[in-house]
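Residue-level structure breakdown
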Amino acid sequence: MNEHLLRPSPGSRESSDANALPAKKFSLWSHPLRALFFATLMVTVSTSIHTLQYPALLLLFLLPLPTSRLLYRTYIYHTQRAFGSLMVFVIWFFSPTTIVLTGDVEELYRNPLAGPRVVIANHQIYSDWAYLWALAWALRDGRAPGGGAHGSVKIILKEELMKVPVFGWGMRFFEFIFLKRKWADDQHRIREYLNRALDDMRAAKDARRGRSRHDFRTGLWLMLFPEGTVITDETVGISKGFLKRDRPFQELIARVLAQAKGGNSKGLNALRRRHGEPMDTMTADEESEPHSPATYYPPNGNPFADEQQQSKTATTTTATTTAAPGSANEVDRWVEEIHPRHVLLPRTSGLYECIKIILGKITALAETEALNGGGLQESYGTLQPVDNDEGLKLIDVTLGYPGLSVDHHEGYGYDVYPIERVFIGGGLLRKIYMHVHVYSVKPSVPETHEDGTPDPLDTSLTEVDMNGCAVGLANELGGPKVIEFGDKKAFSERLARMYYEKEEMLDRFYTSGELSDSDGNKGGDSVEIAVVPNFEDAFVLTTAVALNVGLAFGAVIACTWMFGH
């Protein structure tokens, strides 16, 4: 890590001025010069970068494969770094901010371009993606020219954005993934783009290991927001409505909350505070009392407890494994009690499919490399790279914005920090808080009996233990936490659990001003990353604009000469 970018963050809460809410009333007409300069800068520099992308097509079509594809992607990689530099400049000039980073910081900075990374985050405001891109920019590993992973970002977007002049066209060169929201079509497109990105990573790696004098560099930083949209009053209502209608989803959420109650209550303290219960003090018998202020199971009890728990609580609850859903009023009351208020419940299919594709591709490439004598190890029943950094990592980011209250009486982040107020108004977000968990994702192998038949009790996803037991073991061994990936239902439960933990972290943040784990652990000293462009950023942007000014000037001279004769 570059130490000049990082410095210890004071443990005390920000001053009241830093956490003060911005004025509710805002109009672009109150800052006409800033608005004009913002629009001019974005359009001019983006057009310059986009214009420089077209010569890459000559590399793609005029040179023989596979050299052409490698050179093309390396060229586009550097134009994408230029756009990342533009985002950093825009943040610094229009809305200067500092990222306060806590959690698995060392794991985050460890070889960020060595292997594929999937970044997920809670979605609070439209500019979330810009700040996550700035985080990728800040990851200076010393291996890429200038450092940072901002040239490797991939974002999943709706297809309509592909048609936006300049910006949409440029994102097509970046090979962002545009979805029609028709799963049959989107699944094929996701697979095609991710497989291509992983092939590019492997080609660049092979070129660097060869005798090439060029430092071919590309990577994969796939950013997703599993909630699907920003959190607002409207989207909270939609999320609750879906939960009220979908019984299997109710059962999934109930299992997640039941596991939390049976463990260390991570993710439940926020719910308990809402209903006046003590935190982390409930006994097993107390958990099943029907008069508990907050009921964490669907109506008619908990039909998901195992047989041992059912026998223990048989005298105090009427729960059965065949309980039918209760009345609509009971379902409504249950959803209102257990639905998070700082996040939306996540959607699983897109993230699950992305991880499935990436793991499958990594395994296939590893098997190919094994045939060629590459250095591999057998891990979780499959061949994986010896260097753990080259495997898939899931980076779970919890975003916290100051100035919001725990009950959101002033609105959500979307209401308080709209994108025009952040960048045109300026000076609102002096600090942005990010807490990261980094997981190494491995393919799971179902447990088998001695005769080789699968064990029907295997869940194919342990995260090594839903309550964190094996997380401690992974840390003792000096590596990242491990998620075993397999069964979709188990993965859906794990993802929902992550979002209830985010709920707990944000509840704590809005109350105390600190963004930390549910148990108050920051994961080591927090660091502050100043989002300030460096010399490379200034040089890249200046060069891009200068080249396009030169091209425009040359075109004017050429046209004058042609029409003058």
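Residues numbered from 1 in each chain as written. Predicted model: local features only at pLDDT ≥ 70, side-chain atom pairs only at ≥ 80, totals over all residues. Heavy atoms only, no water.

Along the protein, the regular secondary structure elements total 19 helices and twelve strands. Taking all 565 residues of the protein together, the buried fraction comes to 53%. For the protein, the exposed area adds up to about 25600 Å²; of that, 58% sits on carbon and sulfur atoms. (Helix = DSSP H or I, 4+ residues; strand = E, 2+ residues; numbered from the N terminus. Buried < 20%, exposed > 50% of the residue type's maximum accessible area, 1.4 Å probe, protein only. Areas by Shrake-Rupley, 256 points an atom, 1.4 Å probe, with all protein chains shown as cover.)

Averaged over all residues, the pLDDT of the protein equals 75, while 67% of them reach at least 70. Long-range and interchain partners of residues 278-297, a stretch whose pLDDT sits below 50, account for 46 contacts in this model, where long-range means more than four residues apart. Low pLDDT, under 50, characterises residues 376-386; the predicted model gives this stretch 32 contacts beyond four residues in sequence or across chains. (pLDDT = per-residue confidence, 0-100. Contact = heavy atoms within 4.5 Å.)

Right, let's get into the environment of Glu330. Its place among the elements puts Glu330 in helix 13 (residues 328-338). Here the alpha-carbon distance between Glu330 and Lys244, two residues 86 residues apart in the chain, equals 10.0 Å.

Okay, the packing of helix 1 (residues 32-51) against helix 3 (residues 67-94) next. Where helix 1 contacts helix 3, the two axes come as close as 10 Å, and the packing angle between them is 170 degrees. By the angle between their directions, the pair helix 1 and helix 3 is classed as roughly antiparallel. Residues Arg34, Phe37, Phe38, Leu41, Met42, Val45, Ser46 and Ile49 of helix 1 form the contact with helix 3, whose own contacting residues are Thr79, Ala82, Phe83, Leu86, Met87, Phe89, Val90, Phe93 and Phe94. Its residues assigned to classes, the contact of helix 1 with helix 3 comprises 14 nonpolar, two polar and one charged. (Axes fitted to C-alpha atoms, helices over the stretch in contact; angles between N-to-C directions. Parallel < 35°, antiparallel > 145°, perpendicular 65-115°, else oblique. Nonpolar A, V, L, I, M, F, W, Y, C, P; charged D, E, K, R; others polar.)

Pairing of strand 4 (residues 153-158) with strand 6 (residues 221-224), which is carried by three bridges, proceeds in the parallel orientation. Across the sheet, residue Val153 finds its bridge partner in strand 6, namely Trp221. Inspection of the sheet shows strand 4 paired to strand 5 (residues 177-179) by three bridges, in the parallel sense. Opposite Ile156, over in strand 5, you have Ile177 as the bridge partner. (Pairing = 2+ DSSP bridges.)

Where helix 8 (residues 233-245) contacts helix 13, the two axes come as close as 10 Å, and the packing angle between them is 135 degrees. Between helix 8 and helix 13, the crossing angle belongs to the class labelled oblique. In this structure, helix 8 meets helix 13 at a crossing whose hand is right-handed. Contact residues: helix 8 offers Lys240, Leu243 and Lys244, while helix 13 offers Val331, Asp332, Trp334, Val335, Glu336 and Ile338. Residues belonging to the contact of helix 8 with helix 13 are distributed by class as follows: five nonpolar, no polar and four charged. (Left-handed = near helix turned anticlockwise from the far one by under 90°.)

Before going further, it helps to spend a moment on the packing of aromatic side chains. In the structure shown here, the tally under the stated rule is 24 aromatic pairs. Measuring from ring centre to ring centre gives 5.5 Å for Phe89 and Trp92, while their planes differ by 55 degrees; the resulting arrangement is tilted. In this pair, Phe89 and Trp92 both sit in helix 3, three residues apart, roughly one turn of the helix. A relative accessible area of 22% places Phe89 in the partly exposed class. A relative accessible area of 35% places Trp92 in the partly exposed class. With 5.0 Å between their ring centres and 55 degrees between their planes, Tyr433 and Phe509 make a pair best called tilted. Note that Tyr433 is positioned in strand 10 (residues 431-443) and Phe509 in helix 18 (residues 488-512), a separation of 76 residues in sequence. Across the pair, Phe509 and Tyr433 agree in class, each one buried. (Phe/Tyr/Trp six-rings, centres within 6.5 Å; stacked < 30°, edge-to-face > 60°.)

Glancing now at the nonpolar core. One finds Leu101, Tyr131, Trp221 and Met434 to be the most contacted residues of the largest nonpolar core, which totals 107 residues. By residue number, the principal contributor to this core is helix 3, which donates eleven residues. Once residues lying within four places of it in the same chain are set aside, the contact partners of Tyr131 are Ile91, Ser95, Thr97, Ile99, Ile125, Tyr401, Val422, Phe423, Leu429, Ile432 and Met434. Ranked by size, the runner-up nonpolar core spans 14 residues in total, among them Leu243, Ile253, Ala254 and Leu345. (Core = buried A, V, L, I, M, F, W, Y, C linked by side-chain atoms within 4.5 Å.)

With that settled, the discussion passes to the pairing of strand 10. Judged by how many residues are buried, strand 10 sits mostly within the fold: twelve of 13 residues are covered. As defined by bridge partners, strand 2 (residues 98-103) adjoins strand 10 across six bridges and the pair is classed as parallel. Its bridge partner lying in strand 10, Thr102 is registered against His435. The pairing of strand 9 (residues 393-400) with strand 10 spans eight bridges and is classified as antiparallel.

The next point concerns helix 1. For helix 1, spanning 20 residues, the distance from its first C-alpha to its last is 28 Å, which sits close to the expected 28 Å at 1.5 Å a residue. Those residues of helix 1 not exposed but buried are Ala35, Leu41, Met42, Val45, Ser46, Ser48, Ile49 and His50. (Expected span 1.5 Å × (residues − 1).)

Next up on the list: the pattern of salt bridges. Where charged atoms from two side chains of opposite charge come close, those side chains can pair. The final tally for this structure, using the stated rule, is 25 salt bridges. Between Arg73 and Asp200 there is a salt bridge; the shortest N-O distance is 3.8 Å. On the criterion of sequence distance, the pair formed by Arg73 in helix 3 and Asp200 in helix 7 (residues 183-209) is long-range, its members being 127 residues apart. Judged on exposure class, the residue Arg73 and its partner Asp200 are both buried. (Salt bridge = Lys/Arg side-chain N within 4 Å of Asp/Glu carboxyl O.)

Here the focus is the environment of Ser516. Turning to its location among the elements, Ser516 is positioned in the loop between helix 18 and strand 12 (527-530). Note: C-alpha distance between Ser516 and Thr102 (414 residues apart in sequence) is 7.2 Å.

Another point: unusual backbone geometry. A positive phi angle is found at Asn111, which is not glycine, with a value near 45 degrees. With respect to the secondary-structure elements, Asn111 resides in the loop between helix 4 (105-109) and strand 3 (117-121). Looking at Asn111, the relative accessible area reads 22%, which means it is partly exposed. Despite not being glycine, Val166 has its phi angle at roughly 65 degrees, a positive value. Relative to the elements of secondary structure, Val166 occurs in the loop between strand 4 and helix 6 (167-173).

A few words now on helix 18. Since the α-helix advances by 3.6 residues per turn, residues separated by three or four positions end up pointing in the same direction. With 25 residues, helix 18 should reach 36 Å at 1.5 Å per residue; the first-to-last C-alpha distance of 36 Å fits that figure. The element helix 18 is largely enclosed, with a buried count of 20 among its 25 residues. Backbone nitrogen of Lys489 and a side-chain oxygen of the N-cap are separated by 3.2 Å at the start of helix 18; the cap is Asp487. Backbone geometry just downstream of helix 18 places Gly513 in the positive-phi region, at approximately 90 degrees. (Polar contact = N/O pair within 3.5 Å; in protein donor to acceptor, adjacent residues only side chain to side chain.)

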